[in-house]
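Secondary and tertiary structure notes
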Amino acid sequence: MRYAPITDRLMKLGSEKWKLHFETRRLKALGEPVIELTIGEPDLPPDRAILEALVSALYSGRTKYSYGRGEPDTLKAIADKYTKSRGYSVNEENVIYFPGTQTAIFATLLGLVGQQDSVLVGDPYYATYEGLIAATGAKRLSVPLRQEHGFRMQAADLEREIRDDSRLLLLNNPNNPTGSVLSRSEVQAICRVCEKYNLWILADEVYENLVYKGEFYSPLSEENYRNRVISVASVSKTYGVPGFRSGWVVGPEEFCKKLIALAETMLFGGVPFIADATAFALNSSSDFVDRMGASYVHRAKLIVDALAPSPQINPFLPSSGMFLLIDVAGTGMEGEEFAWKLLKNKKVAVMPGNSFGSNATSFIRVSLTVEDALLMEACKRINSFVKV
Ligand SMILES: Cc1ncc(COP(=O)(O)O)c(C=O)c1O
């Protein structure tokens, strides 16, 4: 049978990227004592009040069809959040509700680029970006995120990679997997380059509330460049509910007008009771994300100390997010080989760096989402693996 080219373009870019993670889940289902440090699922249970808001919406009949743009109260809650945090007046016409950041990026890219275009992205990048860009048929151009700059994108590096067909910069700040956070002046310099070459900026800001060092600054806060900036995020990380699949785009009114039919064609609206719980969460004054962030900072430091006896591996202390990168080049192995052998020999599951781009091949990524004692046990096993 014949299939459309998109299926070939995405063949190795879906679950293949998470192969080690799925193998881990298979082993755990068989009862193997694997310590899972692969994906970014917050371990803290979400606030009970959010779950109660969801259940009460469900029982009050919020199970019908929704609107293409989203539920009005949820759109308002998102708009209010951005008005407060980005320093200008955002309204419902600037927002479209999506089932998670992932779909928000998918639809935005589909609305802005195609086969004749190229998309710039910092490398290392979040694992699904490769597939998201490939789905549109656009070419991916990597902007190196250099360790000597703390993995923060430098405007000069961006400018060097821009070509005539470049249309968009996919900017993940705070960054997964590196945990880096751009300074205000770095964001401004990147905006200037994007203005010069007439590029859209698609800012993936899912970790904006999980910053430990430095200060989050969004390109949406830059009045002069706002017409080319789209921010995407969700409640997945901030409220510990990735299974809600609840997120949004915030951007110029004209962009939202153009994108709305695409969103409607794809989704035919969201899930009203989840949208209600999302609005509740956004309007609440929860300290969930601060508690979660404090435990991640603590765990990242624990790991750095615990791995100190193994000079062949170098952990990079993150400034944000829920992950930590470890350079394993000193072991003579690439991240991929290291991760699979570590799983086989020591039953510790980490992500191989090559899932996050060609600049991450010498790394493994560790998720900070398990309790301290288990994390220490994982470090013990890593140290003994490195010694062999
Ligand atoms: C940088 C980044 N963007 C997007 C996502 C997807 O988030 P969501 O659950 O909102 O689709 C993740 C999830 O880990 C992420 O790390």
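Residues numbered from 1 in each chain as written. Predicted model: local features only at pLDDT ≥ 70, side-chain atom pairs only at ≥ 80, totals over all residues.

**Overview of the environment of Cys256**
The condition is simple: In this text, helices come from DSSP runs of H or I with a minimum length of four residues, and strands from runs of E with a minimum of two, each type numbered from the N-terminal end. To sort residues by burial, count the other C-beta atoms lying within 10 Å of each one's C-beta; a count of 20 or more means buried, 12 or fewer means exposed, and anything in between means partly exposed. C-beta atoms are built from the backbone. It is the C-beta atoms, placed from the backbone, that decide contacts: two residues are in contact if theirs lie within 7 Å.
Looking at the element boundaries, Cys256 is found in helix H9 (residues 253-267). Overall, Cys256 belongs to the buried group, with 20 C-beta atoms counted inside 10 Å. Cys256 sits 124 residues away from Lys380 along the chain, and the two C-alpha atoms are 50 Å apart. Contact partners of Cys256, with chain neighbours within four places excluded, come to Glu93, Asn94, Val95, Ile96 and Gly251.

**A look at the sheet that holds strand E1 (residues 35-37)**
Paired through backbone hydrogen bonds, the strands of a sheet run either parallel or antiparallel to each other. What counts, and what does not: Two strands pair under a simple rule: DSSP has to find at least two bridges between them. Each axis is a line fitted through C-alpha atoms, taken for helices only over the stretch in contact, and angles between the N-to-C directions span 0 to 180 degrees.
Strand order in the open sheet formed by five strands is E1-E11-E12-E10-E9, with mixed pairing between adjacent strands. With partners counted over all chains shown, the strands left at the sheet margins are E1 and strand E9 (314-316), one partner each. Strand-to-strand, the axes of this sheet are offset by a mean angle of 35°, without reference to chain direction. With five bridges connecting them, strand E10 (residues 323-327) and strand E12 (residues 363-367) associate as antiparallel partners. In the strand pairing of E12, Phe323 is matched with Ser367. Each of E1 and strand E11 (348-352) is contacted by helix H2 (residues 19-29), which is oriented at about 165° to E11, the strand it contacts most.

**Describing the domain arrangement of the chain**
Formally: In this document the domain limits rely on a domain assignment from an automatic tool or a database. Under the grouping applied here, Gly and all other residues not named as nonpolar or charged are polar, the nonpolar ones being Ala, Val, Leu, Ile, Met, Phe, Trp, Tyr, Cys and Pro and the charged ones Asp, Glu, Lys and Arg.
As assigned here, the chain comprises domain 1 (5-46 + 288-387) and domain 2 (48-283). Facing 32 residues of domain 1, the contacting portion of domain 2 comprises 33 residues. Listing elements by their share of the side of domain 1 that touches domain 2, those giving two or more residues are helix H1 (5-9), helix H11 (288-306) and E10. Sorting elements by how many residues they give to the side of domain 1 that touches domain 2 places H11 first, with six residues. When grouped by side-chain class, the residues that make up the side of domain 1 that touches domain 2 number 19 nonpolar, nine polar and four charged.

**Examining helix H13 (residues 372-387)**
Applied cut-off: What a helix should span is 1.5 Å times the count of its residues minus one. Taken from the helix axis, the directions to the C-beta atoms give the arc we talk about.
With 16 residues, H13 should reach 22 Å at 1.5 Å per residue; the first-to-last C-alpha distance of 23 Å fits that figure. Residues Leu375, Ala378, Cys379, Ile382 and Val386 constitute the buried set of H13. On an axial view of H13, the arc spanned by its buried residues comes to 100°, and they lie on one face. Seen from the open side of H13, the exposed residues pointing more than 90 degrees away from its buried face are Ala373, Ser384 and Lys387. Against the buried residues of H13 lie E1, H11, helix H12 (335-346) and E11.

**Description of the pairing of strand E3 (residues 118-123)**
In plain terms, the rule: Assignment of crossover handedness uses the view with strands pointing away from the viewer, where a clockwise path from the first strand over the helix to the second indicates a right-handed crossover.
In terms of burial, E3 is largely enclosed, as five of its six residues are buried. Running through helix H6 (residues 129-136), the crossover from E3 to the neighbouring parallel element strand E4 (residues 139-144) is right-handed. Across four bridges, the pairing between E3 and strand E5 (residues 166-172) is parallel. The residue bridging Val121 from the neighbouring strand is Leu170, located in E5.

**A word on the packing of helix H4 (residues 72-86) against helix H10 (residues 272-283)**
Here is the rule we go by: Angular relationships are summarised with four words: roughly parallel below 35 degrees, roughly antiparallel beyond 145, roughly perpendicular across 65 to 115, and oblique for the angles in between. Crossing handedness: left-handed means the near helix sits turned counterclockwise from the far one by under a right angle, and right-handed means the same turn made clockwise.
Viewed as axis vectors pointing N to C, H4 and H10 meet at an angle of 30°, and their least axial separation amounts to 8 Å. It follows from the interaxial angle that H4 and H10 lie roughly parallel. Note on packing geometry: the crossing formed by H4 with H10 is left-handed. Contact residues: H4 offers Asp73, Thr74, Ala77, Ile78 and Lys81, while H10 offers Ala275, Thr278, Ala279, Leu282 and Asn283. Taken together, the residues of the contact of H4 with H10 break down into five nonpolar, three polar and two charged.

**Quick notes on the sheet that holds strand E2 (residues 95-98)**
Pairing is mixed across the open sheet formed by seven strands, whose spatial order is E2-E8-E7-E6-E5-E3-E4. Since the sheet does not close on itself, it has two edges, and those belong to E2 and E4, each with one partner. Within this sheet the neighbouring strands show an average axis-to-axis angle of 20°, counted without direction. Note: E2 against strand E8 (residues 247-250), four bridges, orientation antiparallel. Counterpart to Tyr97 in the pairing with E8 is Trp248. Along the sheet, H4 contacts E2 and E8; its crossing angle with E2, the most-contacted strand, is approximately 120°.

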